[in-house]
Amino acid sequence: MALIELEDIHISYPGQPAILAGAALQLLPGQRLSLTGPNGSGKSTLLRVILGLQAPQRGTIRAFGQPRTQEPDFHEVRRRIGLVFQDADDQLFCPTVAEDIAFGPLNLGKSKSEALEIVDRLLSDLRLTHLRDRITHKLSGGEKRLVTLATVLAMEPEVLLLDEPTNALDVKNEARLIEILQGLPQAILLVSHSAAFRAQITTAEVEIREGLVRPAGP
Amino acid sequence: MAHALGQNEKTLTETGALRVSGRIGSVDPRVRILAAISFGIVVVGLSSLMTLSVALGLSMGLLLLSRLPLRPTLKRMAMMDSFIIFMLLLLPFTVPGDPIFTLWGATASWQGLWRGVEIALTANAVILALMTLVGTMEPVTLGHALHKLRMPETLVHLLMFTIRYIEVLREEYLRLRAAMKVRGFRPGTNWHTYRSFGYLVGMMLVRAIERSERILQAMKCRGFSGRIHLLQDFALTVADRRFVALFGGALLLLICLEIAWR
């Protein structure tokens with residue numbers, strides 16, 4: 001059973017050529033897939049479609065074997081699929097790192113002490129314990145990126161969607177991110193412009209061209 | 001917005017929260033907020049100039065205890081005075097009473113003068129206490145403390161979001177401003193300047209709206225259900241209780257002096 005199955009997704013904005021015109025995508029359990037394509041080709045849009053943040057004009061979305069059409073259908077999808085946003089400032093909005101990581105678990109109905117347990121376990125797993133009580137807007141770009149990953153992992157997702165995770169990362173933090181991602185068990189769908197980064201994380205590649213998802217090629 | 005800050009300053013850092021703030025800094029934030037409020041209430045109720053001077057002295061004492069840099073802090077206090085200076089200058093001429101002198105047909109009165117001095121003392125004593133007790137707090141801590149003091153959650157979240165995004169917005173403003181500068185934009189008194197600044201403000205609004213939508217999406221992805229939980233806990237220590245006792249004693253003294261000197 002595929003984790004994510006998109007079929008015939010159409011998205012266009014009035015007065016512009018269609019961004020997605022019948023795109024289809026499949027992500028299998030344990031698969032690590034990268035999604036490439038020129039700027040504005042609809043990569044981020046496709047990620048948002050998977051999570052129901054943007055409704056396509058046409059097409060079907062299946063996640064974990066179930067068709068998803070209405071907003072309530074996606075509540076479960078968002079819990080089981082984690083999205084790391086392109087801009088870390090969009091994702092970190094709580095005052096402190098610990099509160100930001102605990103936000104997801106608390107929304108899932110966990111108690112305060114359970115949430116804090118998750119926070120501490122995750123931070124020590126990612127070796128970020130020193131950031132626990134830092135104020136989120138005072139973190140460096142690299143620290144913000146690693147913390148956003150932690151906030152998503154706190155939901156214990158089965159799939160990770162990463163949108164340009166190496167944006168604003170220096171060499172050291174990028175190496176750190178690669179090390180963390182390689183150690184994770186989740187299936188991954190990665191959008192990245194860096195060929196070297198893609199090669200380290202993923203094993204297969206597809207490309208969006210002219211509104212369709214095709215096997216990557218020259 | 002940006003010109004209010006120096007070259008290398010960032011928003012919300014010049015509150016003094018980053019510096020070690022002496023004895024005051026270690027007191028429980030909730031106690032500091034309540035102390036500042038009760039100080040404000042008591043001082044506003046005082047009317048004898050002697051007692052008000054003592055109150056200002058007390059604020060100065062707090063300032064010394066907090067180890068805030070003297071000059072910049074007093075300068076900020078004076079900035080507040082510029083808001084009330086005209087009212088203070090006009091008071092002697094508007095309050096009737098025994099004349100001091102006459103200026104262009106308007107008579108200044110002693111009663112009005114004393115009234116002005118009273119207001120100036122009150123305002124400065126309160127603002128100084130507020131700056132040393134609450135202003136030395138990390139803004140996020142202030143939010144946590146207000147939350148624990150049962151401030152309505154919506155207001156606390158509003159404060160927290162402001163703290164979180166004010167610097168992001170300022171950086172966006174500076175980037176746009178720099179982009180204008182590198183293309184030779186020099187502000188002047190002409191339509192081109194007004195229009196360009198209009199574009200700048202409009203662009204910032206559009207970007208802010210788009211960002212808020214992305215933030216909401218990020219919140220939804222993590223199962224946002226209308227509540228943001230704040231986790232910080234505070235505990236009163238023996239030193240806090242001692243501070244409460246001392247501060248309460250000082251307030252009581254002010255009230256007694258007021259009654260004695262009236």
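Enquirer: What is the right way to look at the overall build of chain A in this model?
Expert: From N to C terminus, chain A includes eight helices and 10 strands. Taken over the C-alpha trace, chain A has a radius of gyration of 17 Å; the compact-globule value for 218 residues is 17 Å, and the two agree within 12%. Principal axes of the C-alpha set define a box for chain A whose edges measure 45 × 40 × 35 Å. Contacts spanning at least 24 positions in sequence make up 67% of the contacts within chain A whose residues lie at least 6 apart. Split by element, the accessible area of chain A, about 9,100 Å² in all, is 51% carbon and sulfur.

Enquirer: Would you mind showing me how to read the layout of surface pockets here?
Expert: If a probe the size of a water molecule is rolled over the atoms, the empty space left behind becomes visible. For the second largest pocket, the calculated volume is near 630 Å³. Forming the walls of the second largest pocket are 28 residues, and the residues nearest its centre are S44, R48, Q86 and D163 of chain A together with R214 of chain B. Elements represented by at least two residues in the lining of the second largest pocket include exactly α1 (43-50) and α2 (71-80) of chain A together with α8 (191-221) of chain B. Sorting elements by how many residues they give to the lining of the second largest pocket places α8 of chain B first, with six residues. Of the residues that constitute the lining of the second largest pocket, the class distribution is six nonpolar, 10 polar and 12 charged.

Enquirer: Before we go on, may I ask you to explain the domain arrangement of chain B in this structure?
Expert: Many structure descriptions define interface size as the accessible area lost when the parts assemble. Once the domains are mapped, chain B shows domain 1 (18-137 + 234-261) and domain 2 (151-221). The C-alpha-based centres of domain 1 of chain B and domain 2 of chain B are spaced at 36 Å.

Enquirer: What exactly am I supposed to notice about the interface of chain B and chain A here?
Expert: On the chain A side, the residues contacting the 29 residues of chain B number 33 residues. Between chain B and chain A, the buried area comes to about 2,800 Å², and carbon and sulfur atoms account for 59% of it. Here D90 of chain A and R211 of chain B are joined by a salt bridge, their closest N and O atoms 2.8 Å apart. Counting every contact that joins chain B to chain A gives 17 residue pairs in polar contact (both at pLDDT 80 or more). Mapped by element, the contributors of at least two residues to the side of chain B that touches chain A are α6 (139-148), α7 (153-182) and α8 of chain B. Ranked by residues supplied to the side of chain B that touches chain A, first place goes to α8 of chain B with eight residues. The residue makeup of the side of chain B that touches chain A, split by class, is 15 nonpolar, six polar and eight charged.

Enquirer: How should I be thinking about the confidence of the model for chain B in this particular structure?
Expert: Detailed reading of predicted coordinates is not advised where the pLDDT is low. All names here are of chain B. Mean pLDDT over chain B: 83, with 92% of residues reaching 70 or higher. Predicted confidence in chain B is weakest over helix α1 (residues 22-25), with a mean pLDDT of 74, and strongest over helix α2 (residues 29-45), with 92. The complex prediction reports pTM at 0.72, with the ipTM value standing at 0.71.

Enquirer: Would you explain the environment of R209 of chain A in this entry?
Expert: Residues and elements named next belong to chain A. Following the sequence through the fold, R209 ends up in strand β9 (residues 204-209). You can call R209 partly exposed: its relative accessible area is 31%. With 28 residues separating them along the chain, R209 and L181 place their C-alpha atoms 27 Å apart. Beyond its immediate chain neighbours, meaning those up to four positions away, R209 contacts R214 and P215. Side chain to side chain, R209 and E207 meet in a polar contact 3.5 Å long.

Enquirer: Looking at this model, I keep getting lost on helix α9 (residues 238-261) of chain B. Mind explaining?
Expert: Structurally, the α-helix is built with 3.6 residues per turn, so residues lying three or four positions apart point the same way. Taking 1.5 Å per residue, 24 residues should reach 34 Å; α9 of chain B reaches 34 Å between its end C-alpha atoms and fits that length. Residues of α9 of chain B that are buried: D240, F243, F247, A250, L251, L254, L257 and E258 of chain B.

Enquirer: For this particular structure, what's the right way to read the environment of P139 of chain B?
Expert: Residues and elements named next belong to chain B. Locating P139 in the fold gives a position in helix α6. Assessed through its relative accessible area of 10%, P139 is described here as buried. Sequence-wise, P139 and I163 are 24 residues apart; in three dimensions their C-alpha atoms are separated by 7.0 Å.

Enquirer: Honestly, empty space enclosed by the protein in this entry has me stumped. Any pointers?
Expert: One pass over the structure, following the stated rule, counts two cavities of 30 Å³ or more. Here the largest cavity is characterised by a volume of approximately 50 Å³. As for the largest cavity, its lining consists of F93, C94 and P95 of chain A together with H157, M160, F161, I228 and L230 of chain B. When grouped by side-chain class, the residues that make up the lining of the largest cavity number seven nonpolar, one polar and no charged. As for the second largest cavity, its lining consists of R78, I81, G82, L83, V152 and M155 of chain A together with C221 and R222 of chain B. Top contributing element to the lining of the second largest cavity by residue count: strand β6 (residues 81-84) of chain A, with three residues. Grouping the constituent residues of the lining of the second largest cavity by class yields five nonpolar, one polar and two charged.

Enquirer: Please clarify how the pattern of salt bridges should be interpreted in this entry.
Expert: A side chain of one charge can pair with a side chain of the opposite charge if their charged atoms are brought near each other. Overall, the coordinates contain 29 salt bridges over all chains when judged by the stated rule. Residues R58 of chain A and D8 of chain A are paired through a salt bridge, measuring 3.4 Å at the closest nitrogen-oxygen approach. With R58 of chain A in strand β4 (residues 58-63) and D8 of chain A in strand β1 (residues 4-11), the pair connects residues that are 50 residues apart, well separated along the chain. Using a relative accessible area of 49% as the deciding quantity, one classes R58 of chain A as partly exposed. On the accessibility criterion, D8 of chain A (33% relative accessible area) is partly exposed. The closest approach of N and O atoms between R209 of chain A and E207 of chain A, which form a salt bridge, is 3.5 Å. A single salt-bridge network, built from bridges that share partners, covers D87 and D90 of chain A together with E172, R175, R211 and R214 of chain B.

Definitions and limits used
Residues numbered from 1 in each chain as written. Chains lettered and ligands numbered in written order. Predicted model: local features only at pLDDT ≥ 70, side-chain atom pairs only at ≥ 80, totals over all residues. Heavy atoms only, no water. Helix = DSSP H or I, 4+ residues; strand = E, 2+ residues; numbered from the N terminus. Rg over C-alpha atoms; globule rule 2.2 N^0.38 Å. Contact = heavy atoms within 4.5 Å. Areas by Shrake-Rupley, 256 points an atom, 1.4 Å probe, with all protein chains shown as cover. 1 Å grid on protein atoms, 1.4 Å probe; cavity = no way out; pocket = protein on both sides within 12 Å on 5 of 7 lines; lining within 4 Å. Points joined across faces, edges and corners; volume = space filled by probe spheres on them. Nonpolar A, V, L, I, M, F, W, Y, C, P; charged D, E, K, R; others polar. Domains from an automatic or database assignment. Buried area = accessible area lost by both parts, 1.4 Å probe. Salt bridge = Lys/Arg side-chain N within 4 Å of Asp/Glu carboxyl O. Polar contact = N/O pair within 3.5 Å; in protein donor to acceptor, adjacent residues only side chain to side chain. pLDDT = per-residue confidence, 0-100. Buried < 20%, exposed > 50% of the residue type's maximum accessible area, 1.4 Å probe, protein only. Expected span 1.5 Å × (residues − 1).

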